[in-house]
Amino acid sequence: MKFIHAGDIHLGNPFLGLRNLPNWVQNIVQDAGNTAFRRLIADAIAEQVDFVLLPGDLFNSNEVDAQIELTVLKAFDELRAASITVFLSFGNHDYLASKRVDFPWPSNVHLFDESVTTMQLTTKAGESVAISGFSYGQQHIETAMIDQFPVKQTGSKYHLGMYHGELGRAGSGNYAPFALTAMNEKHYDYWALGHIHLRQTLQTEPFIGYSGNLQGLNKNESGDKGYYLVTDQNGQLIPTFVAVAPIIWAEEELEIPMNLATNELVAYIRKSIQGDSENFSLINLRIISDDARVLSLIANGQLQAQLAQSSQTRDPWYIWQISLKELQKTVQLPHLPVDAWDNNVTEIFTLDNMQAAGLKQVHDPELLDEFLNDEKLTEIMDMVKVKLQLLGKDVSLDEN
Amino acid sequence: MKIETASVRGFGQWHDREFDFATGLNAIYGPNGSGKTTLHQFIVAMLYGFPQKRGNRVNTYQAAEQDVYGGKIIFEHQGVRYELSRFGRTKSELKITNLVNQQELADPENFLAELLGPIDRETFEAVFSFNQTDLLAIFSLKPDEFAKRLRQLAMPGSDKWVQIANDLEQTAANEFGATKTAKRPMNQLLKQVDDAKQAMQKLITGQPLTASLLQERTDLQSRLEQLQSTAATVRADEHVTLANQHLLPVLQRLEIVEERLTKLPVMLDQQLVNEYDAVTAKIAVQTPNENDELPSAAAIGQASDVIAQLAINDREQKLLVQRQLDLQAERQHIMTQHGWQTVPVATTEQGASTVTTPVLSKVMWALAGLALVVAVVGLLGQQTLLAGIFMLVGLISVGVGFQSRNQAQTASSEQQPMTDNSDEGRLKQLDQSITENNARLQELMPKMSELREQLAWIGRDLSPESYQQKLANFQAEVTTRNQQRTQLAQLRGQQATLLAQLVVKDSTDLTIRRQADEQRRNLHHEQQTLTEQLGGADRNVLRETLGKTPQTSDVELNTAMNQVQQEIATIDVRLERLANDGQIQQAKQKLADLQAEASFELQNILVERLAAQWINATLSTTIGDRLPDMLRLSQQYFAFLTNNRYQQIDSHGKQLQVIDQNGQAIKVIELSKGTAEQLYVAMRLAFSQIVSANVNLPLLIDDAFVDFDAERYERMIDLLAGLSEDQQIIYFTIKAPKFDAKVIDLNTAR
């Protein structure tokens, strides 16, 4: 038996955090998700797997367009032609798809509905496999759906579970909270998890883990991305990671030598970028430098602009963000004793104050979501400190 | 630190000059332009470096001659004496030597920075150096500016920060307008995001539903397959169809026939019709008789009588004629016998007549004989009329003959009755009889004529038997006719009944119906023939091909198939295009990019705003923190300076106020110029003391009290003297100092 576990494919989701991309990068970025998906399908056929498990979030239901639908249909049809079954359950982002009755899924696609169901399959080698799973019918599930899964029966050689959710206690979580013990009580041979976009193993034997998404979509989803190819090795179902993402999010540090001329800066950076050996990299460049000019160029976005301008379509990478490697945490705020600054921190850096400072004029839900949380607040505070430090330096620079 | 000596090699107007200072109060005096300010700036420059940039406002104190620029100072700091030298304006070289061990410091910059601590140049200028200008300036201040100036006092360098805060706030405000209709970059960006979202939604909803397109395609595909199978069927049947080609006209005709058949009325019941026909035939048979006029029963009856009478008459006539003939014969015989030509008569006058009469009588007799012969012949020949006529003629002739004779004879005979001997007498008898007969005949004749006339309608000159026969015939005919009439009526009745049974209006209608039936039969017959001809061919198939040749239907199917294939191809193209349409993905990515941009800019704005707020808050609190100490000290100094006239400074509320000895609160603006100056100095001094608690640097006062009156001046100097116990003060003035201090007279030093 051989199968693929690929969760959170999120077809059609755009890359986040990228600004002012040159057109050639825009084009690469646009196609990345589809490319990764097509690679998955091609691999499935080449490996002649028995079936593919897709535990949720194949796409975002409220943003599905014809191209995505047709891509999916065509891909599944190709799988059908290769006698590969698809077990598809819907997660918190594509739960709407579970309600569509008119969608012409090919005959090899088996959908899970909102109640936990178990499906049967016989592999090419004649092994009987049971697969249990469920789909989301709405955005949140607070119940521990794991409790509704049946215990492994004697009839099947393997019993697999598909579960879109995250660890947690029942009632205190929005994504079908589960506990590892509850899963283990079912005595399944493999749990194909979905929902977390990072590849993550919660347990190795039997395997309970997340395959992560096929293509990283923001800087937090860095490194290789792909799917799990699962095979039986000495009675255990072991997943092997296969990378398919054409774009890798990466972070690189670079120290700028002192007294490097401004007009050599770009060339130096370009020369020093490592990138990825196989795929295109989106690089978050962390500069280490004390050179005030460099700092100024970074702070004013000029360095970014220069790099963008000098980028070439042949480059296997693109620097999408430049920042200073973190200055010391205790930023020396100039001229005044540190505690003078610290006294006001808690008053200034509140969500309410952020609202008053302009956030309240923003209506876009995604933006609000991004800003109205404590992590962002801390991030902004750090940025304020850095800015004040730079400004303080400016102040002293003026004096000479 | 306390400065002991300042040695100027070249700075401004000073060359190679040395000045020694006391640790306490120093008074450097000289008239205007004597270099006080230059010296002041030199000291500052030693500590903080030379002014780097040349500019309109920056005095670099470049030495007039091409001399060495710079100098040195010797100072004491924490018990150790150092010599600090700086030479060269642009690329100045700093050297510090520890005079105790004569060691030059490896890192003079650092040492100096540490020594100076948080007091940078600006702070130093703000705290440890003040001059007349500062003092004068406070009068032109508006209240909030004064507050600002005080804040500047409390926090030197705060100006810059206030400016920074303002700039940040301004930048943020320029980026992001607060009103709904604001069109600043951030507002625009947010709107762009919104527009991009809507545009994308529109793109998505503007697409056809994939599911329905696919469904349409599936439907079309089945239709195509249907058509294809039909086409196959059609082609398979093609030869059959061709074979059936010749049957087409048959079918056509058959259809016409059948159509007509449907239009024909119901067939008549043949039995009834036959009966009708029989009846009609019977009627027809009798009908000709209708045309004959048959005599009425009365006429027949009458005629019968007449005939009877005629028969009698006829018989009588015949008898008479016979008799006549017999008589004639006998007469003739006699005559012959005797050879008489005429009857011998008494020759009398009758003789004459008789003379003639024998001729006549001879003619007459000839004629009569002829006529009689003919009559007999006629009778024999049943030419009764003819016979009758000739007989009549004959008889008349005979009659005439006899008459002439008889007249003669009668005349004679009347005279002589029949006595004769037999022959003559017989002759006379005969003649008489003949004459009687004749008369009788002549009597009869008109009667008979009349009778005959009455029977004329039956026939002419017929024998009574004939008449009788005829009459009998007539009778029979009448009877028959009556029978027939009855029968006819009966038949007609039957006819009517039959018509009713046949559900036909009248005979005309029947005729029409029969024609129709005839037609029907014909058509039916034709139908059968045609049907036979058709054999087993499927009518529907034939019918379908009716009017078309097999090639045509194939073409139609092909056209239909092509059309469906076309439609399928169109949908496939559409699906293909949709599948490859990256437009929406592009729009999504662009939207995400815009959102990233918006996020980035928003973040910057928030950072700017929060930074500004933080600066202001920090400044406020710091001032707030410092203010009490400073106020306390300021109060102290102020009270001293004003000779306790004002003992309190009130910093609460927006404006600074002072409380006079009567407890009266007076706003700073309301103070006199001099008093305001005193307040300002008090506060500055107070602040400098607070700051120098951490870093002790010399106070450089640049003739700040020129317009103080003597008393105030003196008090000021007293205060300074007091402070100078811990604080090195270098006081630059134009007045010769009359107080206890290290005095440097720049006049003499020149």
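Residues numbered from 1 in each chain as written. Chains lettered and ligands numbered in written order. Predicted model: local features only at pLDDT ≥ 70, side-chain atom pairs only at ≥ 80, totals over all residues. Heavy atoms only, no water.

The name that an unreviewed UniProt entry assigns to chain B is YhaN AAA domain-containing protein, with the source organism given as Weissella muntiaci.

Under an unreviewed UniProt entry, the name given to chain A is DNA repair exonuclease, and the organism recorded is Weissella muntiaci.

**What about the side chain of Gln203 of chain A?**
Residue and element names in this part refer to chain A. Looking at where Gln203 falls in the secondary structure, it is placed in strand S9 (residues 200-203). In this structure Gln203 comes out as buried when scored by relative accessible area, which is 16%. At 3.1 Å, the side chain of Gln203 forms a polar contact with the backbone oxygen of Pro206. Each residue touching Gln203, except ones within four places of it in the same chain, is listed here: Asn184 and Ile208. (Helix = DSSP H or I, 4+ residues; strand = E, 2+ residues; numbered from the N terminus. Buried < 20%, exposed > 50% of the residue type's maximum accessible area, 1.4 Å probe, protein only. Polar contact = N/O pair within 3.5 Å; in protein donor to acceptor, adjacent residues only side chain to side chain. Contact = heavy atoms within 4.5 Å.)

**Things to note about helix H1 (residues 36-48) of chain B**
All names here are of chain B. For H1, spanning 13 residues, the distance from its first C-alpha to its last is 18 Å, which sits close to the expected 18 Å at 1.5 Å a residue. Among all positions of H1, only Lys36, Thr38, Leu39, His40, Gln41, Phe42, Ile43, Val44, Ala45, Met46, Leu47 and Tyr48 are buried. Of the residues one or two after H1, Gly49 is the one with positive phi, at around 95 degrees. (Expected span 1.5 Å × (residues − 1).)

**Focus: the sheet that holds strand S1 (residues 2-5) of chain A**
Residue and element names in this part refer to chain A. Overall, mixed pairing links the 6 strands, which are arranged S4-S3-S2-S1-S11-S12 in an open sheet. The open sheet terminates on both sides in strands that have one partner only, identified here as strand S4 (109-111) and strand S12 (236-243). Pairwise comparison of adjacent strand axes, ignoring direction, gives a mean angle of 25 degrees for this sheet. Two strands pair when backbone bridges link them, and S1 and strand S2 (residues 51-55) are joined in this way by 3 bridges, in the parallel orientation. By the bridge assignment for S2, Phe3 is matched with Phe51. Contacting S2, strand S3 (85-89) and S4, helix H2 (residues 66-81) crosses the sheet at an angle of about 140 degrees to S3. (Pairing = 2+ DSSP bridges. Axes fitted to C-alpha atoms, helices over the stretch in contact; angles between N-to-C directions.)

**Describing helix H21 (residues 710-723) of chain B**
With 14 residues, H21 of chain B extends 20 Å from end C-alpha to end C-alpha; this agrees with the ideal 20 Å at 1.5 Å per step. Among all positions of H21 of chain B, only Arg712, Tyr713, Arg715, Met716, Ile717, Leu719, Leu720 and Leu723 of chain B are buried.

**Topic: the packing of aromatic side chains**
Under the defined criterion, the tally for this structure stands at 33 aromatic pairs over all chains. For the ring pair Tyr190 of chain A and Phe207 of chain A, a centre distance of 5.1 Å and an interplane angle of 25 degrees mean the geometry is stacked. Taken together, the residues Tyr190 of chain A in strand S8 (residues 190-194) and Phe207 of chain A in strand S10 (residues 207-210) connect sequence positions 17 residues apart. Pairing Tyr82 of chain B with Phe111 of chain B gives two aromatic rings, centres 4.8 Å apart and planes at 45 degrees, and the pair type is tilted. With Tyr82 of chain B in strand S5 (residues 80-87) and Phe111 of chain B in helix H2 (residues 108-116), this pair connects stretches of sequence that are 29 residues apart. Clustering of aromatic rings is evident, with ring pairs tying together Phe134, Tyr136, Phe149, Tyr163, Phe178, Tyr188 and Trp191 of chain A. A cation over an aromatic ring shows up here: Lys376 of chain A above the ring of Phe371 of chain A, its NZ or CZ 4.9 Å from the ring centre. (Phe/Tyr/Trp six-rings, centres within 6.5 Å; stacked < 30°, edge-to-face > 60°. Lys NZ or Arg CZ within 6 Å of the ring centre and 35° of its normal.)

**So, the interface of chain B and chain A**
On the chain A side, the residues contacting the 64 residues of chain B number 67 residues. For the pair chain B and chain A, the summed buried surface comes to about 5600 Å²; carbon and sulfur atoms form 62% of the total. Area buried by chain B at its contact with chain A is led by Trp161, Leu610 and Trp614 of chain B, which between them contribute 15% of it. The interface formed by chain B and chain A includes 4 salt bridges. Of the charged contacts, one joins Glu597 of chain B and Arg19 of chain A as a salt bridge, the two residues approaching to 3.5 Å between their closest N and O atoms. Those elements that provide at least two residues to the side of chain B that touches chain A are helix H3 (121-127), helix H6 (158-175), helix H7 (185-206), helix H8 (210-243), helix H18 (550-580) and helix H19 (583-641) of chain B. Broken down by element, the side of chain B that touches chain A gets its largest block of residues, 34 residues, from H19 of chain B. Taken together, the residues of the side of chain B that touches chain A break down into 28 nonpolar, 20 polar and 16 charged. (Buried area = accessible area lost by both parts, 1.4 Å probe. Salt bridge = Lys/Arg side-chain N within 4 Å of Asp/Glu carboxyl O. Nonpolar A, V, L, I, M, F, W, Y, C, P; charged D, E, K, R; others polar.)

**What about the side chain of His77 of chain B?**
Tracing the backbone through its elements, the reader meets His77 of chain B in strand S4 (residues 70-77). With residues near it in sequence (within four places) discarded, His77 of chain B still touches Met1, Tyr82 and Leu115 of chain B.

**Notes on the nonpolar core**
Counting 78 residues, the largest nonpolar core has Leu685, Leu697 and Phe705 of chain B as its most contacted members. Looking at this core element by element, the count peaks at 9 residues for helix H20 (residues 673-692) of chain B. If near-sequence neighbours (up to four positions away) are discounted, Leu697 of chain B is found in contact with Met1, Tyr48, Leu115, Leu116, Ile119, Phe124, Phe128, Gln727 and Gln728 of chain B. Counting residues in each nonpolar core, the second largest holds 48 residues, with Leu58 and Leu73 of chain A together with Leu213 and Leu557 of chain B among its members. (Core = buried A, V, L, I, M, F, W, Y, C linked by side-chain atoms within 4.5 Å.)

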